[in-house]
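Below are the chains, spelled out letter by letter.
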Amino acid sequence: VAGAAQPDCVFCRIAAGQIPSSRVYEDDRVFAFLDISPLARGHTLVIPKSHAVRFDELDADTAAALAEAVRQLAPRVITAVGGDDYNILNNNGASAGQVVRHVHVHIIPRREGDGLGYRWNAGKATPEELADLAARIAKP
Ligand code: AMP
Ligand code: ZN
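On a predicted model such as this, the values are computed, not experimentally measured, just so you know.

A. View of the side chain of H102. Mapped onto the elements, H102 comes out in the loop between β4 (85-89) and β5 (105-110). Among the polar contacts made by the side chain of H102, one reaches the main-chain carbonyl oxygen of P48 at a distance of 2.8 Å. With sequence-adjacent residues up to four places away left out, H102 is seen in contact with C9, F11, C12, I47, P48, K49, S50, H51, A52 and V53.

This is the structure:
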């Protein structure tokens, strides 16, 4: 069920204060805390308080609140750790690397020479393929 807190969901329990976390932000809809296995110092997770697995399952108001919290938190995270830049990452589904099945947005501080990397293996597409795909996605 999207929305209702799931007793066996670790991020529902963190949002409810039932599991300890390093909280950095909280409002009616959103909770943010430090990742326990950071990719970089300051690695932060921003989650909706209501349970949903994937980003597209959020209602519009919750999605907007989540995005706004990320927008405001990112520069604060960077300032706190003395970073330069950041990645925003949201994995949806197992094949996309989602391990915790409760929507979460990663804020990952970056700096020149941090060695984390970010380039995926880009493919190729013909103009015809792109036009056909764009039309299919645009179709209501
Ligand atoms: P993902 O692979 O996108 O599902 O990312 C899940 C993230 O949650 C990982 O970066 C974990 O380190 C992090 N994580 C899992 N459990 C906890 C926890 N109890 N407190 C803080 N971060 C956690
Ligand atoms: Zn949950």
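B. Region of the structure containing the site of ligand 1. Taken together, 15 residues lie around ligand 1, and D35, G97, V99, H104 and H106 are the ones closest in. Within the contact set of ligand 1, an oxygen atom lies 2.5 Å away from a side-chain nitrogen or oxygen of D35. A distance of 3.0 Å is found between an oxygen atom of ligand 1 and a backbone nitrogen or oxygen belonging to V100. Put simply, ligand 1 lies in the largest pocket.

C. Region of interest: the packing of aromatic side chains. For the structure shown, the criterion picks out two aromatic pairs. On the numbers, 5.3 Å between centres and 80° between planes, the contact of F11 with F33 is edge-to-face. Remark: F33 occurs in strand β2 (residues 30-34) and F11 occurs in helix α1 (residues 10-15); sequence separation between them is 22 residues. One exposure class covers both F11 and F33, and it is buried. Relative to F33, the ring of F31 has its centre 6.0 Å away and its plane inclined at 50°; by these criteria the two rings are tilted. Take F31 and F33: they sit in the same class, and that class is buried.

D. A look at the nonpolar core. Core analysis: the biggest nonpolar cluster contains 16 residues, and V30, V46, L58, L66 and I107 have the highest contact counts within it. Secondary-structure elements contributing two or more residues to this core are β2, α2 (60-81) and β5. Ranked by the residues each element gives to this core, the list is headed by α2, at eight residues. The residues touching L58, leaving out its near neighbours within four places in the chain, are P48, A52, A63, L66 and V103. Residues F11, C12, F31 and I47 belong to the second largest nonpolar core, which totals nine residues.

Scoring rules and cut-offs
- Think of each chain on its own: its residues are numbered from 1, step by step along the sequence as written.
- Each chain gets a letter, beginning with A, and each ligand a number, beginning with 1, in the order they are written.
- Only residues with pLDDT of at least 70 get local features here, since the model is predicted, and only at 80 or more are side-chain atom pairs given and counted; chain-wide, interface and lining totals rely on the full set of residues.
- Computation of side-chain values: all heavy atoms of the structure, hydrogens and water removed.
- Counting from the N terminus, the helices are the DSSP runs of H or I reaching at least four residues and the strands are the DSSP runs of E reaching at least two.
- N or O atoms within 3.5 Å of each other form a polar contact, as long as, within protein, one can give a hydrogen and the other can take it, and as long as residues adjacent in sequence are counted only when both atoms are side-chain atoms.
- Residue contacts are counted whenever heavy atoms from the two residues lie within 4.5 Å of one another.
- If even one non-hydrogen atom of a residue comes within 4 Å of a molecule or strand, that residue is called near it.
- A pocket, in this scheme, is an open set of points on a 1 Å grid over the protein atoms alone with protein on both sides within 12 Å along at least 5 of 7 lines, while a cavity is a set where a 1.4 Å probe fits but cannot get out; residues line either one if an atom lies within 4 Å of a point.
- Cavity and pocket membership follows a simple rule, namely that a molecule belongs there if more than half of its atoms are within 2 Å of the grid points.
- Planes of paired rings set the category: under 30 degrees apart is stacked, over 60 is edge-to-face and the rest tilted, where pairs are Phe, Tyr or Trp rings (Trp by its six-membered ring) whose centres lie within 6.5 Å.
- When accessible area is computed with a 1.4 Å probe and restricted to protein chains, residues below 20% of their type maximum are described as buried, those above 50% as exposed, and intermediate ones as partly exposed.
- As used here, the term nonpolar core means buried Ala, Val, Leu, Ile, Met, Phe, Trp, Tyr and Cys residues forming a set that is joined through side-chain atoms within 4.5 Å.

Read these as spatial facts, not as claims about activity.
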